[in-house]
Amino acid sequence: MTVSKLKRLAEENNQVCVTISLNTHRTHPDNLQDEIVLKNLISDAKERVTNEFGKRDEAGKVLEKLDELDKKVDINQLLDSLHIFISAETMEIVRSIWSVEENSVFVDEQFMIKPLIKLFNRSREYLILQLSQNKTQLFKAYDESVEEEVHNHVFPFGESPHVATSNIRKSDSAHVDNLLKEHFRDIDKALVDFVLSEDKTLKVVVATTEANYHALLEASTRPEMYIGFIEVNHSGNDNAPWHLAKQSWEVVKEKQIEWVKEAIEEVKAASSQSKLSTDLLEIYQAAIDGNAELLIVNKLYQQPVRLVGDRDFELIEDANEHGALDDIISHIAYEVISKGGKTLFVDEEWISDLGNIALKKRY
């Protein structure tokens, strides 16, 4: 999920915007039920559009796209959830490795983008360094998939030029270790340069032996960019990019749990600086003012409202009520992200002592 796609869908405003989200399955025969569930959700969406807007103009175009939708979704190419965004101008289909709390249909003047915000914040771009003394490759990865191998003036990195020149030197273990460290310093320097030129927040998982990983950390000028390693034996499929990515993603997911816990503690600490807010309206106003640095939300929390002017709203219970905004949380989360802040949706128990929503303000 890219920022540009999130921005485009979040800012679209039409008379009829349909959002369909559902859990899906990757393999046969479980994916056969996905086809049935999707057809039922499409029928629900068509009924809601017809009841609220009739079958003419924008609504008619949306209904036509809904009629075509099941032909555009290949049930054999699904992951763990599917998100569909349809308006008179738009048909966007997003597959995700993250499941949703429940299958749903939303019809409003804007798309329900909370699932995309969750995807945006949970997903991770990172690097995989496949490290050996003979050849070192660098891959760009996104979640559990390799996007591409890096090819530049340095990568792939060939065999180490630092070699013992005599039998006596070859038998000197300390000398051999120093040569290996020199090789790893060269690789680390090239990797640091690449990260700084691409995105200094990028993290790296290393595919190598445990001994090589610790030697690399000792040689590194930025050891904090390495978040873990996966041990491979360079035989069979162990060194195939898809296999490296599936293993590396497990390392990244474990690390993300640490990052989320640190973020929650950061929000709690904002109380002592008078920068903590747990009031929904105050959080909404801070978000639209650009005063939202870090937002933590119970992933199950939804709140329909009726907007009153540019800076106020009334809480309501029925999201289908005329003039209702299905979920103010989705809009708050997008406002935070679009103005450079961060939003995290977390398990209910992780935020229970703060309520359903908490914000660390910038000032």
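Residues numbered from 1 in each chain as written. Predicted model: local features only at pLDDT ≥ 70, side-chain atom pairs only at ≥ 80, totals over all residues. Heavy atoms only, no water.

Attention now moves to the overall build of the chain. Helix and strand counts for the chain stand at ten helices and 15 strands. Counting only C-alpha atoms, the chain reaches 85 × 55 × 35 Å along its principal axes. Residues classed as buried in the chain amount to 48% of the 363 residues present. For the chain, long-range pairs separated by at least 24 residues make up 66% of all intrachain contacts whose partners lie at least 6 apart in sequence. Surface accessibility of the chain: about 18,300 Å² in total, with carbon and sulfur atoms responsible for 45%. Across the chain, the mean location of the 42 positive side-chain charges is 3 Å away from that of the 65 negative side-chain charges. (Helix = DSSP H or I, 4+ residues; strand = E, 2+ residues; numbered from the N terminus. Buried < 20%, exposed > 50% of the residue type's maximum accessible area, 1.4 Å probe, protein only. Contact = heavy atoms within 4.5 Å. Areas by Shrake-Rupley, 256 points an atom, 1.4 Å probe, with all protein chains shown as cover. Lys, Arg positive; Asp, Glu negative; His and termini not counted. Charge placed at Lys NZ, Arg CZ, Asp CG, Glu CD.)

Applying the stated criterion across every chain, the model contains 25 salt bridges. Here Glu265 makes a salt bridge to Lys268, at a shortest N to O gap of 3.8 Å. With Glu265 and Lys268 both in helix H8 (residues 241-269), this residue pair falls three residues apart, about one helical turn. On the accessibility criterion, Glu265 (49% relative accessible area) is partly exposed. For Lys268, a relative accessible area of 27% gives the class partly exposed. (Salt bridge = Lys/Arg side-chain N within 4 Å of Asp/Glu carboxyl O.)

What follows covers the side chain of Ser248. With respect to the helices and strands, the residue Ser248 is situated in helix H8. Relative accessible area serves as the criterion here: at 0%, Ser248 is assigned to the buried category. Those residues within four positions of Ser248 in sequence are excluded, and the remaining contacts are Tyr126, Ile128, Val205 and Ile230.

What follows concerns the sheet that holds strand S9 (residues 226-231). With respect to topology, five strands assemble into an open sheet ordered S7-S6-S5-S8-S9, the strand pairing being mixed. Looking at the sheet topology across the chains shown, the edges are occupied by strand S7 (145-149) and S9. Each neighbouring strand pair of the sheet contributes to a mean axis angle of 30°, computed without reference to strand direction. One ladder, built from five bridges, connects strand S8 (residues 204-208) with S9; its direction is parallel. (Pairing = 2+ DSSP bridges. Axes fitted to C-alpha atoms, helices over the stretch in contact; angles between N-to-C directions.)

In terms of domain boundaries, the chain breaks down into domain 1 (1-123), domain 2 (125-257) and domain 3 (274-362). Its C-alpha centre places domain 1 at a distance of 23 Å from the equivalent point of domain 3. Summed over both partners, the interface of domain 1 with domain 3 comes to about 1,600 Å²; 56% of that surface belongs to carbon and sulfur atoms. Linking domain 1 to domain 3 there are one salt bridge. The partner of Asp327 in a salt bridge is Lys114, and the shortest N-O contact between them spans 2.9 Å. (Domains from an automatic or database assignment. Buried area = accessible area lost by both parts, 1.4 Å probe.)

With that settled, the discussion passes to empty space enclosed by the protein. Inspection of the entire model under this criterion finds one cavity of 30 Å³ or more. Lining the largest cavity are Asp108, Gln110, Phe111, Met112, Leu325, Asp326, Asp327, Ser330 and His331. In terms of residue class, the lining of the largest cavity is made up of three nonpolar, three polar and three charged. Here the lining of the largest cavity gathers at least three residues from each of two domains, domain 1 (1-123) and domain 3 (274-362). (1 Å grid on protein atoms, 1.4 Å probe; cavity = no way out; pocket = protein on both sides within 12 Å on 5 of 7 lines; lining within 4 Å. Points joined across faces, edges and corners; volume = space filled by probe spheres on them. Nonpolar A, V, L, I, M, F, W, Y, C, P; charged D, E, K, R; others polar.)

Moving on to the layout of surface pockets. Of the voids in this model, the largest pocket is the one considered here, and its volume is about 1,400 Å³. If you trace the largest pocket, you find 36 residues lining it, with Asn121, Ser123, Arg124, Gln256 and Leu344 closest to the centre. Within the residue set of the lining of the largest pocket, elements represented by two or more residues are helix H4 (114-122), H8, strand S11 (292-298) and strand S14 (342-346). Among the elements that take part in the lining of the largest pocket, H8 stands out by supplying eight residues, more than any other. Tallied by class, residues from the lining of the largest pocket come to 16 nonpolar, seven polar and 13 charged. The volume enclosed by the second largest pocket comes to roughly 620 Å³. If you go around the second largest pocket, you meet 28 residues; those closest to its centre are Asp108, Glu109, Gln110, Ala324 and Leu325.

Moving on: the nonpolar core. Membership of the largest hydrophobic core comes to 50 residues, with the highest contact counts inside it found for Leu295, Ile328 and Ile332. For this core, the element with the highest residue contribution is helix H10 (residues 328-338), accounting for seven residues. Excluding its chain neighbours within four sequence positions, the residues that come into contact with Leu295 are Ile283, Ile332, Ala333, Val336, Lys342, Thr343, Leu344, Ile357, Ala358 and Leu359. Judged by nonpolar contacts, the second largest core, of 24 residues, contains Leu129, Phe155, Leu180 and Tyr226. (Core = buried A, V, L, I, M, F, W, Y, C linked by side-chain atoms within 4.5 Å.)

Before going further, it helps to examine H8. Taking 1.5 Å as the rise per residue, H8 with 29 residues should run 42 Å; its terminal C-alpha atoms sit 41 Å apart, in good agreement. What H8 keeps buried is the set His243, Leu244, Ala245, Ser248, Trp249, Val251, Val252, Gln256, Val260, Ala263, Ile264 and Val267. (Expected span 1.5 Å × (residues − 1).)

Our focus in this paragraph is the pairing of strand S12 (residues 305-308). Bridging between S12 and strand S13 (residues 312-315) involves four bridges; their strand directions are antiparallel. Note that in S13 the partner of Leu307 across the bridge is Phe313. Connecting the antiparallel pair S12 and S13 is a turn made up of three residues, with Gly309 showing a positive phi of about 70°.

Burial runs high along S8: five of the five residues are buried. Alternating residues of S8 divide into Val204, Val206 and Thr208 and Val205 and Ala207, and every residue in both groups is buried. When strand S5 (residues 125-130) meets S8, the two strands line up parallel, connected through four bridges. Counterpart to Leu129 in the pairing with S8 is Val206.

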